[in-house]
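Single-letter residue listing:
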Amino acid sequence: MSLNPPIFLKEKEENNSKFVEIQHSQTTSIAAEDPLQNLRLASQEVLQKAQQSGRSKCLKCGGSRMFYCYTCYVPVENVPIEQMPLVKLPLKIDIIKHPNETDGKSTAIHAKLLAPDFVNIYTYPCIPEYEEKDHEVALVFPGPNSVSIKDISFHLQKRIQNVRDKNDDPDRPSIKRKKMEEQDLNDKCQDATLKKIIFIDSTWNQTNKIFTDERLQGLLQVELKTRKTCFWRHQKGKPDTFLSTIEAIYYFLVDYHTDILKEKYQGQYDNLLFFYSFMYQLIKNAKCSGDKETRKLTH
């Protein structure tokens, strides 16, 4: 008796294999078209209702806005703050906004709205002094001297050691010096922790003015992994790897969570894209339907 499977079974297996391949291809294609679809988000019903009712009043300045006031950094009247998610972050974030960046078109405000206790926005040139904190602060900016997120702690530790080497007193008694070196080593392990990350909020052409400011020049530079943007206001002539500010913040935190905190990412920061993902879907639907009025609401 032949041990070879019948021909019809072979054909069935091949067809099943092809079906799985096609299904996988379709899933991949859908994910590529809508990269925000798998986020773990709070209910966006409040945004859906606000979008249907139209612009509302800012309770602080009285301005007419959609979803939130980009001047006062608060949600508008028809978006109750208790119906918005609050995101807890593992470190502080400073956003330095170019003065020519249009407030209403910036996504930086999303971070301030959703993580108000962790995020500060400054308009250049009014920015903090970071010189005394350069061992615990880093700047997200690509370049030849930039390091990857997973190497941040190593480079901050080197900075601490360099400072201690400069301040080392060779005349200290050897026993005392040894004890102090041991204490330094313990302190170093504790101190080599990133406590604040800085993002520049501007178009690429405007970035250089802020980046070259002497107050930022001594900071450790960090470069993000390459990812494609979903931003509907994509900069003309720039690659699709140029992220919006809120995307850069989100992806940095995801990688920081896995590479530095060494924890499994389970959507802890997904709600930072609460507004962004909703507006992205609005724009996408409006483009498909040709609804110009809906597109105006997000501009």
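All residue numbers here refer to positions counted from 1 along the written sequence of the relevant chain. Predicted model: local features are reported for residues with pLDDT of at least 70 only, side-chain atom pairs are reported and counted for 80 or more only, and whole-chain, interface and lining totals are derived from all residues. Here the side-chain values reflect all heavy atoms present in the structure, with hydrogen atoms and water set aside.

A. Region of the structure containing the pattern of salt bridges. Take a side-chain nitrogen of Lys or Arg and a carboxyl oxygen of Asp or Glu: if they are within 4 Å of each other, that pair is a salt bridge. Scanning the model with the defined rule gives 11 salt bridges in all. The salt bridge involving Lys 133 is made with Glu 136; its shortest N-O contact spans 3.7 Å. Note that Asp 259 is salt-bridged to Lys 225, the shortest N-O span being 3.7 Å. Linking Asp 259 in helix α8 (residues 245–259) with Lys 225 in the loop between β9 (220–222) and α8, this pair joins segments that are 34 residues apart in sequence. A single network of salt bridges, built from pairs that share partners, joins Lys 225, Arg 227, Asp 255 and Asp 259. Segments assigned H or I by DSSP are reported as helices when at least four residues long, segments assigned E as strands when at least two residues long, and all are numbered from the N terminus.

B. View of helix α6 (residues 204–211). For α6, the set of buried residues is Gln 206, Thr 207, Ile 210 and Phe 211. Buried residues along α6 cover an arc of 140° about the axis, so they all sit on one side. Seen from the open side of α6, the exposed residues pointing more than 90 degrees away from its buried face are Asn 205 and Lys 209. Elements in contact with the buried residues of α6: β5 (92–97), β7 (137–140), β8 (196–201), α7 (214–217) and β9. Burial classes follow relative accessibility: with a 1.4 Å probe on protein chains only, a residue under 20% of its type's maximum area counts as buried, one over 50% as exposed, and anything between as partly exposed. Think of the arc as the fan of directions from the helix axis to the C-beta atoms. Here, residues are in contact when the closest pair of their heavy atoms is within 4.5 Å.

C. Here's a closer look at the confidence of the model for the protein. In this model, the protein carries a mean pLDDT of 82, and residues with pLDDT of at least 70 account for 72%. Long-range and interchain partners of residues 17–32, a stretch whose pLDDT sits below 50, account for two contacts in this model, where long-range means more than four residues apart. Every residue gets a pLDDT, meaning the predictor's confidence in that residue, from 0 to 100.

D. Region of interest: the state of the cysteines. A pair of sulfur atoms, both from cysteines and within 2.5 Å, is called a disulfide here. Taken as a whole and judged by the stated rule, the model has zero disulfides. Summary of cysteine pairing: Cys 69 is not part of a disulfide, and the nearest cysteine sulfur, belonging to Cys 58, is at 3.7 Å. Judged by relative accessible area, Cys 69 falls into the buried class, the value being 0%.

E. Geometry of the pairing of strand β6 (residues 119–123). One bridge is not enough; two strands pair if DSSP finds at least two bridges between them. As defined by bridge partners, β5 adjoins β6 across five bridges and the pair is classed as parallel. In the strand pairing of β6, Ile 95 is matched with Ile 121. Running through helix α3 (residues 108–114), the crossover from β5 to the neighbouring parallel element β6 is right-handed. Call a crossover right-handed when, viewed with both strands pointing away from you, the route from the first strand across the helix to the second goes clockwise.

F. Examining the nonpolar core more closely. With 58 residues, the main nonpolar core has Phe 67, Leu 89, Phe 252, Leu 272 and Phe 275 as its most contacted residues. Examining the composition of this core, we find that nine residues originate from one element, α8, more than from any other. By size, the runner-up hydrophobic cluster in this structure holds 13 residues, among which are Val 137, Leu 139, Ile 198 and Ile 210. Residues belong to a common nonpolar core when they are buried Ala, Val, Leu, Ile, Met, Phe, Trp, Tyr or Cys residues joined through side-chain atoms within 4.5 Å.

G. Layout of unusual backbone geometry. Following Tyr 124, the chain continues into Pro 125 via a peptide bond in cis, with omega recorded as 10°. Within the secondary structure layout, Pro 125 lies in the loop between β6 and β7. Unusually for a residue other than glycine, Phe 67 sits at a positive phi of about 75°. Looking at the element boundaries, Phe 67 is found in the loop between β2 (64–65) and β3 (68–69). Since its relative accessible area comes to 2%, Phe 67 is described here as buried. At Lys 262, a residue that is not glycine, the phi angle is positive and equals roughly 60°.

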